[in-house]
Amino acid sequence: WLHDRIMVKDKPKEVTGPAQPLWQPAAFVKALVAGITVGGSYYLASLGGIDNPYWVPITVAAILQGQRMTEFWQRSLHRATGTALGMLLAAGIFALSPSPLVLLLLLFVLAFTIEMLITKNYALACIFITPLTVILAHTAPPGFSAQTLIIARMTDVLIGIGFALLAGVILKLLPVENR
């Protein structure tokens with residue numbers, strides 16, 4: 001509620017044009033490539049023995065939200081940079097050995113900050129997404145250290161970026177209009 005009151009402005013009513021046809025080949029091809037890439041990245045990450053293989057397709061899906069190759073490159077750079085800086089923040093948090101109550105409060109602050117930033121600056125939001133996910137993951141699996149999770153997250157993000165950029169190249173090379 002607070003986020004909406006601060007960030008969401010009343011927009012003027014838009015005049016809508018003619019209805020779009022149900023069948024759009026470009027949208028179908030993009031959805032097909034995205035689905036195959038997200039699913040395939042999870043499958044290959046699982047086969048590769050990655051501890052948290054779900055982080056790979058999450059990265060792929062986040063990057064493929066762009067519409068053009070330049071947006072894929074930009075989101076990839078933002079994801080890598082934001083995750084790297086977020087790893088430093090997460091390492092700092094865990095170096096202080098916070099209590100469960102402090103971790104709970106940090107989850108609130110991080111989630112709120114992410115929601116405030118995500119539409120304005122994806123790279124800045126990624127800085128706060130990383131410690132949030134590491135805190136959540138750190139509380140779940142026994143025997144994992146925060147350092148192991150931080151390194152695993154960065155590795156998984158870089159692998160996901162590779163898959164997403166490959167999908168972007170495939171979309172760029174396909175003879176379907178890319179909207």
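Residues numbered from 1 in each chain as written. Predicted model: local features only at pLDDT ≥ 70, side-chain atom pairs only at ≥ 80, totals over all residues. Heavy atoms only, no water.

Q: Looking at this model, I keep getting lost on the overall build of the chain. Mind explaining?
A: A tally of helices and strands in the chain yields 7 helices and 0 strands. Counting only residues that meet the buried cut, the chain has 37% of its 179 residues in that class. Split by element, the accessible area of the chain, about 11,000 Å² in all, is 69% carbon and sulfur. (Helix = DSSP H or I, 4+ residues; strand = E, 2+ residues; numbered from the N terminus. Buried < 20%, exposed > 50% of the residue type's maximum accessible area, 1.4 Å probe, protein only. Areas by Shrake-Rupley, 256 points an atom, 1.4 Å probe, with all protein chains shown as cover.)

Q: Help me out: how do you make sense of the nonpolar core in this one?
A: Across soluble globular proteins, nonpolar side chains show a tendency to be buried alongside one another. Trp 55, Ile 129, Leu 132, Val 134, Ile 135, Leu 149 and Ile 150 are the most contacted members of the largest nonpolar core, which has 23 residues in total. For this core, the secondary structure elements donating two or more residues are helix 3 (55-63), helix 4 (69-95), helix 5 (100-117), helix 6 (122-139) and helix 7 (146-173). At 8 residues, helix 6 tops the list of elements feeding residues into this core. In this structure Leu 132 touches Leu 107, Leu 110, Ala 111 and Ile 114, once residues within four positions along its chain are discounted. Counting 18 residues, the second largest nonpolar core, distinct from the first, contains Ile 50, Met 69, Val 157 and Phe 163. (Core = buried A, V, L, I, M, F, W, Y, C linked by side-chain atoms within 4.5 Å. Contact = heavy atoms within 4.5 Å.)

Q: Any chance you could explain the side chain of Thr 59 here in plain terms?
A: Its location among the elements puts Thr 59 in helix 3. Within the structure, Thr 59 has its side chain in polar contact with the side chain of Arg 79 (distance 3.4 Å). Residues in contact with Thr 59, not counting those within four places in the same chain, are Arg 79, Asp 156, Val 157, Gly 160 and Ile 161. (Polar contact = N/O pair within 3.5 Å; in protein donor to acceptor, adjacent residues only side chain to side chain.)

Q: What's the story with the confidence of the model for the chain in this structure? I'm lost.
A: Regions with low pLDDT should not have their predicted coordinates read in detail. Averaged over all residues, the pLDDT of the chain equals 82, while 83% of them reach at least 70. Here helix 1 (residues 2-7) stands out as the least confident element of the chain, with mean pLDDT 59; helix 5 is the most confident, with 92. (pLDDT = per-residue confidence, 0-100.)

Q: Help me out: how do you make sense of unusual backbone geometry in this one?
A: Leave glycine aside and you will find that most residues have negative phi; peptide bonds, for their part, are mostly trans. In this structure, Ser 97 is a non-glycine residue whose phi angle is positive, near 45°. Turning to its location among the elements, Ser 97 is positioned in the loop between helix 4 and helix 5. For Ser 97, a relative accessible area of 60% gives the class exposed.

Q: Is there a simple way to think about the packing of aromatic side chains in this case?
A: Any two aromatic rings considered together are summarised by their centre-to-centre distance and by the angle between their planes. Here the structure, examined in full by the defined rule, presents 2 aromatic pairs. Centre to centre, the rings of Tyr 54 and Trp 55 are 5.6 Å apart; their planes meet at 65°, and the pair counts as edge-to-face. (Phe/Tyr/Trp six-rings, centres within 6.5 Å; stacked < 30°, edge-to-face > 60°.)

Q: Even after reading the chapter, I still don't get the packing of helix 2 (residues 25-47) against helix 3, so can you show me in this structure?
A: Geometry of a packed helix pair, given as the angle between the helix axes and the separation of the axes. Close contact between helix 2 and helix 3 brings their axes to 8 Å; oriented N to C, the two are set at 160°. With respect to each other, helix 2 and helix 3 are oriented roughly antiparallel. You can see that helix 2 and helix 3 cross each other, and the crossing is right-handed. Along its contact with helix 2, which presents Thr 37, Val 38, Ser 41, Tyr 42 and Ala 45, the element helix 3 presents Val 56, Pro 57, Val 60 and Ala 61. The residue makeup of the contact of helix 2 with helix 3, split by class, is 7 nonpolar, 2 polar and no charged. (Axes fitted to C-alpha atoms, helices over the stretch in contact; angles between N-to-C directions. Parallel < 35°, antiparallel > 145°, perpendicular 65-115°, else oblique. Left-handed = near helix turned anticlockwise from the far one by under 90°. Nonpolar A, V, L, I, M, F, W, Y, C, P; charged D, E, K, R; others polar.)

Q: Is there a simple way to explain the side chain of Ser 76 in this structure?
A: By secondary structure assignment, the location of Ser 76 is in helix 4. Ser 76 sits in the buried class, given a relative accessible area of 4%. Not counting the four nearest positions on each side in its chain, Ser 76 is found in contact with Ile 63, Ile 161 and Leu 165.

Q: In this structure, what is going on with a nonpolar patch on the surface? I would like to understand it.
A: A cluster of nonpolar residues, Trp 23, Phe 28, Leu 32 and Ile 36, forms a patch on the protein surface that exposes about 460 Å² of accessible area. Secondary-structure assignment places Ile 36 in helix 2. Accessibility expressed as a relative area gives 57% for Ile 36, which makes it exposed. (Patch = residues over 30% accessible without salt bridge, like charges linked within 9 Å, V, L, I, M, F, W, Y side chains within 5 Å. Salt bridge = Lys/Arg side-chain N within 4 Å of Asp/Glu carboxyl O.)

Q: What's the story with the environment of Pro 57 in this structure? I'm lost.
A: Structurally, Pro 57 can be placed in helix 3. On the accessibility criterion, Pro 57 (9% relative accessible area) is buried. Those residues in contact with Pro 57, other than ones at most four positions away along the chain, are Val 38, Ser 41 and Tyr 42.

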